[in-house]
Amino acid sequence: MSVDAMLERIERFNRTRGGGVIVRKVARGYTLLSGHNGAPVARFRPTGDGDKVKVLWWNGESWGASGPFGVATMPLDRALDYVANDPDFWINA
């Protein structure tokens, strides 16, 4: 049985912030959903380069670019802070 270290880190971050997010491993990434209403919050897609992830946001129809210049790519810890502190991700949550 393999351990998904990235999933564990996302869930640990969620717990330390008081919960409120449902984390699902889906296909090639991790989807974060509002625990309040199930609305999509963000999606992390690993790049294969260490713990770097592409950060996607839900545009109402599909996952898309989260930054003004395209898809933001950063280490997981930074991505978690980015999503937690940017109110745009939480509009529908």
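Residues numbered from 1 in each chain as written. Predicted model: local features only at pLDDT ≥ 70, side-chain atom pairs only at ≥ 80, totals over all residues. Heavy atoms only, no water.

**Describing the overall build of the protein chain**
And then number 1: The helix and strand tally for the protein chain stands at two helices and six strands.
And then number 2: What you see in the protein chain, going N to C, is helices and strands ordered as α-β-β-β-β-β-β-α.
And then number 3: Taken over C-alpha atoms, the radius of gyration comes to 12 Å for the protein chain, in line with the 12 Å a tight globule of 93 residues would show.
And then number 4: Projecting the C-alpha coordinates of the protein chain onto the three principal axes gives extents of approximately 35 × 30 × 25 Å.
And then number 5: The 93 residues of the protein chain split such that 33% are buried.
And then number 6: Long-range contacts, defined as pairs at least 24 residues apart, comprise 32% of the intrachain contacts of the protein chain with a sequence gap of at least 6.
And then number 7: Of the charged side chains in the protein chain, 12 are positive and 10 negative, and the gap between their average positions amounts to 4 Å. (Helix = DSSP H or I, 4+ residues; strand = E, 2+ residues; numbered from the N terminus. Rg over C-alpha atoms; globule rule 2.2 N^0.38 Å. Buried < 20%, exposed > 50% of the residue type's maximum accessible area, 1.4 Å probe, protein only. Contact = heavy atoms within 4.5 Å. Lys, Arg positive; Asp, Glu negative; His and termini not counted. Charge placed at Lys NZ, Arg CZ, Asp CG, Glu CD.)

**Here's the deal with unusual backbone geometry**
And then number 1: Even without a glycine there, the phi angle at Ala27 is positive, about 50°.
And then number 2: Looking at the secondary structure, you find Ala27 in the loop between β1 (21-26) and β2 (29-34).

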